[in-house]
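Topology and contacts: notes
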Amino acid sequence: MNDPLGAAALREAALIAWRASPARLREDANSEEDHSRGGYRDRVVVELAQNAADAAGAGGRLLLRLTTGPEPLLVAANTGRPLDAAGLASLATLRASAKSDPRQGADGSSRPDPVGRFGVGFAAVRAVADEIAVLTVDGAAHFSLERTAAALAAEPSLADVLDRRRGALPALRLPFAGPGRVGQAVTVAPGEPWATVVVLALRDAGAVAQVAAQLAAVDDALLLALPGLDSVVVEHDEDRRELSEVHRRWIVASASGGLAAADLADRPAEERERRGWQLRWAVRRDGPTEASTIHAPTPTDEPCTVPALLIGTFPLDPSRRRLASSTATDLLVGRAGEVWSRLLLDCRQERAAGRPAPDPLDLIPRGWPAGGVDGALREALLAATRAAPVLTAAGDGRGVAPRDAEVLAAPWTVDRDALDVLGAWDASLVRLTDPHRDLVRVLGLRSVAMSDLVEQLPAGDPSWLRRVYALFSAASGDALADLAAVPVPLRDGRVVHGARGLVVVDDTLDDEVLDALTDAGLRIVDAAAAHPVLERLGADRLDAAALARHPVLRSWVLGDLSPDEHDDADDEGAAPVLLALLERATDGGRGLDAPEPWWGEVLLEAEDGGIVPARGLVLPGSDVAAWFDAEILPRVAGSLVERWGETLAVVGVRRGLTAVRVHDPVVAEGIDGWADYLDEADLPEEPEAEDAERWAVADLDAVRHEAWPQVLEALSDGGWAAPLASVRRPDGSGAPAYTAWWLRRRAAIGAELPFTLPGARRRGALDLLGRPPAAVAGLLDRSELPAVAALLRALGGVGDAGEVDASGWVAALDALDLDVAIDLAVAVDLWRALTALAAGPDPLDELTRIPALVEIAPSPLVRVVAAEDVAVVDPRWAQLASCLPAVLVPSAQVEPVAHALDLDTAADRADGHVTSTGHRASMPSVLLDLLPDLPATWVEHEDLTVDGEPVDWWIVDGEVHASTTDGLAAGVDELTGSRQRDRVVRLLTDPLSRAAVLLERAADPRDV
């Protein structure tokens, strides 16, 4: 038989070796079984592809066809060099590859080369097939388990081994010439492209499923691992797909070289002869590659968590599954880092050119490594990455190496425009978006605080800085605080760090005004740099009204500036500046509802040439110019009136009566007698929070005597409730308002006695009080107006007896003539007022005259009596003439009132003994229904006398004595204090009214 591949010679050599040593047969059988069931059990497709790549050299094509009929076959056909005798010898001899190392030159350098190195990969076919044919254009060979068993059966010396192996034989050691059964359906004729075809008769359904799964897994990674192949066609029955042009979908970085002999000293002899190495990193253009395993060059079981494909000529352990622990492995892992940095830079360059490529930062591995090799590889990659310019500079977009870069410290994230501005002067600053913030830790990037960056910003042009501020408009919270030291150019050319305390002004204000304020110490932001973010950083945006209230202007007006600051300020003083601001604010109608009290201290020229605070001047031609003494309040200079007009009134120049809120020492100093007022009114210098509104009508001390009627008329016409209303002391009691105090104490306009307000609803004791003073008599015809009533009350008028204090009653009653008859209603109102005052702290014992009850029968009579003759009595003792004259009060108030008025009680003037005889009677049951607490009996008298005087009722030891029905009712009412005398009388005179009285009581709110 034609045998161009030398199959017979190879078979005979193997049989000779086995005959000489049957143990060798066992070793070969075990080795083939180890490979097919161990390291190469699931790699038949990959190993066939690797052989095809070795044969192709470059530009190769591979066909992988699976047919699943009754006799399933896997066909692998490749272009390139056909299998020759040396190649067949490599397939038939384990671990004795016929492949030389043409990659390696004399200097150990690397050149393109087939990737198979060990001669054992073909053993993978035994995992799925027992019948294998290899066909070439020159000849064919056949590997067969069946024919191997037959050949061994013909060898008596090997019979024992054959029997013991039970079919587990080294079929790949005995090649037979010709294709055999598996090759009959496959021919390789001249003109067809395939140089070599391998045909596997798949063993069973499990083998078919295994091959189908491996074919389905064939992807771009196979072409990347086997660069000798340009395309792979995969056919599964009727399904067909082709892989080609892999570099259009992947970015690849490669390197090759040679190892020193010493680097391979720990590797097997044949490996030491192959010193060339190759490394390749690949990543898909459409995104990071899913991490898998290292390829050497075909897939291993060595895990790799880097999101890219690593292919290299790494030494493998005997299982061909894991990388060997060796010097060469360590060196290649280090080299992989160098190639990795090229991959990152290629990706960056592709993206910059607008071509698809993953973000290099997405490729940098994170998390924990998956093993020792993976950990060492990641260290090499990160070390190389730190030195590669893979980060993007914030300013000009150039590449920056992580070791030279710095990023904004968390929590700062700003948009690209902001980073570009910051990076314009910080060349190390790089762009790093939130998804890549973890690289700060992974790559050891330096973090720089935003506060440090903004503090170092160059002052630059104010308009440029304004654009910088605009970049931070969205900042808030802690991020905003980082901008606290941002440089801010001022109007005077200075640059300060931080916006707090600065002022942003309207650009419509006059330059002269702003210059003067700047000279006075106001730090005004340059208009070209003004931006709302500065206000969020502490600057105040102030209009004219707000500037007029600014503390710097206040200090200038009050003379609190230092000498140097005085020299810098406008020579004309603060007046033109303040007036200009107020004039502008008045035009806008803003901020002038409550003038600042210190505005009145601004110095203005008077008509006589003097320099006077504004509050001490009046407008010529105004009402107050006629009312106020010009020696005290001169007129303001006419030139100022012509220039500033009504604005002068805003700063305190008087054109009418002025009410001021006294909450500032500056104001208090200008109020006549303020300290005396506080002392006499028993008020603290600092008001309580709830009583902070202390008002005064200013300049009353300047009113000319003959002008008081007009001034009082003005006070009655305006809204003067606040300056005339009483104020509250800390203990809650009331005190007169300053204006009322001043009019009554300093101007002597108020009444010496309290007088009755015209139109008071209830007269009573008010008829005993005096009349209003002559100065206000002309106002009485307008007393229905609230403003007039407020003025009259401030001057001493009262609308109710309860409003008069102890001293007022003492003065009013002492002015009465003795023995004058007083209406009973007036007297009762007075007695009630005195009873209420008796519980207070003010003394009433200075009374010399009191309206007192002098007769009780036949009708009550009240006259003015000397106080020393009056007793204090309750209704019971008032029945005795011996106790009169008397002030009548409730029983419980007798002792307190007598003590407060320093008067006798009835008990001091009479014994109060019952001097008539009576008999006990049962208390009417209808009264017990109304008043259940009544005693069961009472004492009925024909004529009741006490101390020999006739009375209608009396009470002794809690028992009522009475001689009449009215007397019994009065006694019961006094005894119980129920104030139901009328109901008691009704029940006594008409017992049938019981139901009506009880129902009436049920609806009486006093009884609830």
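Check the entry above for the structure.
Computed from a prediction, not measured in an experiment: that's the story for all the values here. For every chain, the first residue of the written sequence is number 1, and numbering continues from 1 onward in sequence order. Local features are withheld for residues below a pLDDT of 70 in this predicted model, meaning they are given only at 70 or higher, and side-chain atom pairs are given and counted only at 80 or more; totals for whole chains, interfaces and linings count all residues. No hydrogens and no water enter the side-chain calculation; it runs on all heavy atoms of the structure.

**Observations concerning the overall build of the protein chain**
Elements are defined by DSSP. Helices are runs of H or I of four residues or more, strands are runs of E of two residues or more, and each kind is numbered from the N terminus. Counting its secondary structure elements, the protein chain contains 39 helices and 40 strands. Throughout, radius of gyration means the C-alpha value; the globule benchmark is 2.2 Å times the number of residues raised to the power 0.38. Taking 30 Å as the expected radius of gyration for a compact globule of 1008 residues, we find that the protein chain reaches 60 Å, considerably beyond that expectation. Summarising its shape, the C-alpha atoms of the protein chain cover approximately 175 × 95 × 50 Å along the three principal directions. Only protein chains enter the calculation, and the probe is 1.4 Å; a residue is then buried if its accessible area is under 20% of its type maximum, exposed if over 50%, and partly exposed in between. Burial analysis of the protein chain (1008 residues in total) assigns 51% to the buried set.

**Thoughts on the pattern of salt bridges**
Think of a salt bridge as a Lys or Arg side-chain nitrogen and an Asp or Glu carboxyl oxygen that are within 4 Å of each other. One pass over the structure, following the stated rule, counts 43 salt bridges. A salt bridge links Arg24 to Asp28; the shortest N-O distance between them is 3.5 Å. Of this pair, Arg24 and Asp28 both sit in helix H2 (residues 22-37), 4 residues apart, roughly one helical turn. Since its relative accessible area comes to 8%, Asp28 is described here as buried. Close ionic contact of Asp676 with Arg746 constitutes a salt bridge, the shortest N to O distance being 2.7 Å.

**Examining helix H38 (residues 981-989)**
Among all positions of H38, only Arg983, Val984 and Leu987 are buried. One side of H38 carries all its buried residues, which in axial view fall inside an arc of 100°. Counted as exposed and oriented over 90 degrees from the buried face of H38: Asp982 and Thr989. Note on definitions: a residue-residue contact is assigned when non-hydrogen atoms from the two residues lie within 4.5 Å. Looking at the packing, one finds that the buried side of H38 touches helix H36 (925-930), helix H37 (965-976) and helix H39 (994-1002). This arc corresponds to the set of directions leading from the helix axis out to the C-beta atoms.

**What to know about the state of the cysteines**
When two cysteine sulfur atoms are found within 2.5 Å, that pair is recorded as a disulfide. Summed over all chains, the structure comprises 0 disulfides. Residue Cys347 stays outside any disulfide, its sulfur separated by 15 Å from that of Cys304, the closest cysteine. Cys347 gets classed as buried once you look at its relative accessible area, which sits at 0%.

**Here we look at the sheet that holds strand S39 (residues 953-956)**
Across the sheet, which stays open at both edges, the 4 strands sit in the order S35-S36-S40-S39 with mixed pairing between neighbours. Each edge of the sheet is formed by a strand with only one pairing partner; in this case those strands are strand S35 (918-922) and S39. Strand-to-strand twist of the sheet, defined as the mean angle between neighbouring strand axes without regard to direction, takes the value 30°. Pairing between two strands requires that DSSP report at least two bridges joining them. Pairing of strand S36 (residues 937-941) with strand S40 (residues 959-962) involves 2 bridges; the strand directions are parallel. Residue pairing in the sheet places Glu940 in a bridge with Ala962 of S40. Each of S36, S39 and S40 is contacted by H37, which is oriented at about 40° to S39, the strand it contacts most. Note on geometry: axes are lines fitted to C-alpha atoms, helical ones only across the stretch in contact, with angles between N-to-C directions running from 0 to 180 degrees.

**Some details on unusual backbone geometry**
Following Ala296, the chain continues to Pro297 via a peptide bond in cis, the omega torsion being -10°. In this chain, Leu884 is followed by Pro885 through a cis amide linkage whose omega measures 0°. Looking at the secondary structure, you find Pro885 in the loop between strand S32 (871-873) and strand S33 (886-888). The phi angle at Glu245 is positive, at roughly 45°, despite the residue not being glycine. Checked against the element boundaries, Glu245 lands in the loop between strand S8 (239-244) and strand S9 (250-258). On the basis of relative accessibility, which here comes to 48%, the residue Glu245 falls in the partly exposed class.

**Quick look at the side chain of His550**
With respect to the secondary-structure elements, His550 resides in the loop between helix H20 (544-548) and helix H21 (551-558). Polar contact is defined as a pair of N or O atoms within 3.5 Å, subject to the rule that within protein one atom must be able to donate a hydrogen and the other to accept it, and that residues adjacent in sequence are counted only when both atoms are side-chain atoms. In terms of polar contacts, His550 uses its side chain to reach the backbone amide nitrogen of Val552, at 3.0 Å. Not counting chain neighbours up to four residues away, the residues in contact with His550 comprise Val503, Leu522, Leu542 and Trp598.

**Side note on the nonpolar core**
By size, the foremost hydrophobic cluster in this structure holds 56 residues, and its most contacted members are Phe122 and Leu200. With 6 residues, helix H3 (residues 44-56) is the single largest residue contributor to this core. With residues up to four places along the chain from it excluded, the contact list for Phe122 reads Leu48, Asn51, Leu91, Ile132, Val134, Phe143, Leu172 and Val198. Here, nonpolar core means buried Ala, Val, Leu, Ile, Met, Phe, Trp, Tyr and Cys residues that are tied together by side-chain atoms lying within 4.5 Å of each other. Formed by 55 residues, the second largest nonpolar core is a distinct cluster that contains Ala827, Val873, Ala900 and Leu901.

**Points about the pairing of strand S1 (residues 60-67)**
Regular strands place their side chains on alternate faces of the sheet. As defined by bridge partners, S1 adjoins strand S7 (residues 229-236) across 7 bridges and the pair is classed as parallel. If you follow Gly60 over to S7, its bridge partner there is Leu229. Of the pairings in the sheet, the one linking S1 to strand S2 (residues 73-78) comprises 6 bridges and is antiparallel in character. Residue pairing across strands places Leu66 opposite Leu74, the latter belonging to S2.

**Remarks on the sheet that holds S8**
Ordered in space as S5-S4-S3-S6-S2-S1-S7-S8, the 8 strands form an open sheet in which the pairing is mixed. Because the sheet does not close on itself, it has two edges, and the strands there are strand S5 (176-177) and S8. Against the sheet, helix H7 (residues 205-216) engages S1, S2, strand S6 (196-202), S7 and S8, with an angle of about 145° to S1.

**Overview of H7**
In this scheme, a helix's expected span is set at 1.5 Å multiplied by one less than its residue total. Across its 12 residues, H7 extends 16 Å between first and last C-alpha, which sits within 8% of the 16 Å expected from 1.5 Å per residue. Near the N-terminus of H7, the side chain that reaches the backbone nitrogen of Gly206, with its oxygen 3.2 Å away, is that of Asp204.

**Examining the packing of aromatic side chains**
Centre distance within 6.5 Å is the pairing criterion for rings of Phe, Tyr and Trp, where only the six-membered ring of Trp is used; planes under 30 degrees apart are then read as stacked, over 60 as edge-to-face, and the remainder as tilted. For the structure shown, the criterion picks out 10 aromatic pairs. Between Tyr677 and Tyr738 the ring centres are 5.6 Å apart and the planes differ by 80°, which places this aromatic pair in the edge-to-face class. With Tyr677 in helix H28 (residues 674-680) and Tyr738 in helix H31 (residues 738-745), this pair connects stretches of sequence that are 61 residues apart. Taking the relative accessible area as the measure of exposure, Tyr677 reaches 2% and is therefore buried. Judged by centre distance (5.6 Å) and plane angle (55°), the rings of Tyr677 and Trp741 are tilted. Pair noted here: Tyr677 is in helix H28 and Trp741 is in helix H31, with a separation of 64 residues, a long-range link. By way of ring pairs, the aromatic residues Trp674, Tyr677, Tyr738 and Trp741 are connected into one cluster. Only lysine NZ and arginine CZ atoms are considered, and such an atom sits over a ring when it is within 6 Å of the ring centre and within 35 degrees of the ring normal. Cation over ring: Arg147 sits above Phe176, and NZ or CZ is 4.2 Å from the ring centre. The ring of Trp644 has Arg643 sitting right over it, with the charged end atom 3.6 Å from the ring centre.

Keep in mind these values describe shape, not function.
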